[in-house]
Amino acid sequence: MSDINDPLTDVVTLLQPAARYTKYVQGAGGWRVRRSRPELAFYCAVLEGSCRILHDDGRQISLEAGDFVLAPALQGFALSSLQPYDGPDLDEDRPPPRLPDGQYRLGDADGPPEVRLVVGHCVFDSPDSALLLSLLPDLLMVRAHPRLATLVQLVGDESLAQRPAREMVLSRLLEVLLIEALRSSQDPDAATDTAAHAAPGLLRGLADARLAMALRSLHAQPAAPWNMARLAREAALSRSSFFERFRREVGVAPMRYLLSWRMALAKRLLLREQASLVEVAQQVGYSSASTFSVAFSRHVGWPPSLFAQQQRLLPAA
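What counts and how
Residues numbered from 1 in each chain as written. Predicted model: local features only at pLDDT ≥ 70, side-chain atom pairs only at ≥ 80, totals over all residues. Heavy atoms only, no water. Helix = DSSP H or I, 4+ residues; strand = E, 2+ residues; numbered from the N terminus. Buried < 20%, exposed > 50% of the residue type's maximum accessible area, 1.4 Å probe, protein only. Contact = heavy atoms within 4.5 Å. Polar contact = N/O pair within 3.5 Å; in protein donor to acceptor, adjacent residues only side chain to side chain. Core = buried A, V, L, I, M, F, W, Y, C linked by side-chain atoms within 4.5 Å. Salt bridge = Lys/Arg side-chain N within 4 Å of Asp/Glu carboxyl O. Expected span 1.5 Å × (residues − 1).

**Looking at the environment of E249**
Phase 1 of the analysis: Structurally, E249 is set in helix α8 (residues 239-250).
Phase 2 of the analysis: Judged by its relative accessible area of 15%, E249 is buried.
Phase 3 of the analysis: Sequence separation between E249 and E64 is 185 residues, and the spatial gap between their C-alpha atoms is 30 Å.
Phase 4 of the analysis: Discounting chain neighbours no more than four positions away, the residues touching E249 are P200, G201, R204, G205, D208 and L211.
Phase 5 of the analysis: A distance of 3.1 Å separates polar atoms of two side chains, one belonging to E249 and the other to R248.

Here it is as structure tokens:
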């Protein structure tokens, strides 16, 4: 895996984000687009003007030029004009009109645009995407971050072009975009939405200096003989304090996190046809193939060999 400083890179790499689409959108007047596909990660960068996010629970978040929003798995929200609107929603099945230049138009068809956006979806090809997404916030917003704006521009330009290896380039750009958005949430010089830190998960764990030491060590050496005492020493905490702090900030008990992470790594290794069961077991911290097989079957519900066989038969996303 990656070096000791990159648990976020580990998670995004295992997620295997792939481009679904990226659109340049302009809007004027009143409009609203409902996002109802939680299996598709949604992102939006505001290039000019303003708009807002409307949650089904009544919360609203205003977006201004330079803001970036990432929703890895958010349900029940819409992107809307600032102007009040009581007309029908647009959605994934009813997209806005496409203009001759390839952009999409929201709201009033006439007049200059009041807002310009880059919006897109990506899918996650990881067999353990549910686990990995549970470690990330439902919604992350970074305000006026120039590096993200540059990355989004590159994604948009690549999506409009028909160059060789387009899908590969888009996937790599999306990986970088996700990592940059997530680590920007920990940048003291970047303004981020506080809602991103409300739910327990990997970001909250890494924001805790003590827990971050244990998490980075665990990700750097997933096959090491970790136990509660050793992890607590990495964090310079007592076992009881470490356990409670980890569970509160990350959302799961430390050893449960370790098991889930090892199984996520094992799934990826099993899908590499050249990896033997013994090699997979050793790389995720098990002394024998039989011990690993029992643990994997209990955690996943299938023996390792059957899991690999079934995954290879599944159609690509």
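**Concerning the nonpolar core**
Phase 1 of the analysis: F68, L177, F242, Y257 and F292 are the most contacted members of the largest nonpolar core, which has 68 residues in total.
Phase 2 of the analysis: With 9 residues, the single largest contributor to this core is helix α9 (residues 254-270).
Phase 3 of the analysis: Residues contacting F292, with those up to four places away along its chain left out, are M263, A266, L270, L277, V280, A281, V284, Y286 and P304.

**Remarks on the pattern of salt bridges**
Phase 1 of the analysis: Here the structure, examined in full by the defined rule, presents 13 salt bridges.
Phase 2 of the analysis: For D56, the salt bridge identified is with R34, shortest N-O distance 2.9 Å. Residue D56 is located in the loop between β4 (50-55) and β5 (60-64), and its partner R34 is located in strand β2 (residues 32-35); the two are separated by 22 residues in the primary sequence.
Phase 3 of the analysis: Residue class for R34 comes out partly exposed when judged on its relative accessible area of 25%.
Phase 4 of the analysis: Connected through shared salt-bridge partners, R32, R34, D56 and D89 make up one network.

**Regarding helix α11 (residues 289-300)**
An α-helix turns once every 3.6 residues. As a result, residues three or four positions apart point the same way.
Phase 1 of the analysis: Relative to the 16 Å expected for 12 residues at 1.5 Å per residue, α11 spans 16 Å between its end C-alpha atoms, a close match to the ideal helical length.
Phase 2 of the analysis: Where α11 is concerned, the buried positions are F292, S293, A295 and F296.
Phase 3 of the analysis: Two residues or fewer past α11, G301 is found with a positive phi of approximately 100 degrees.

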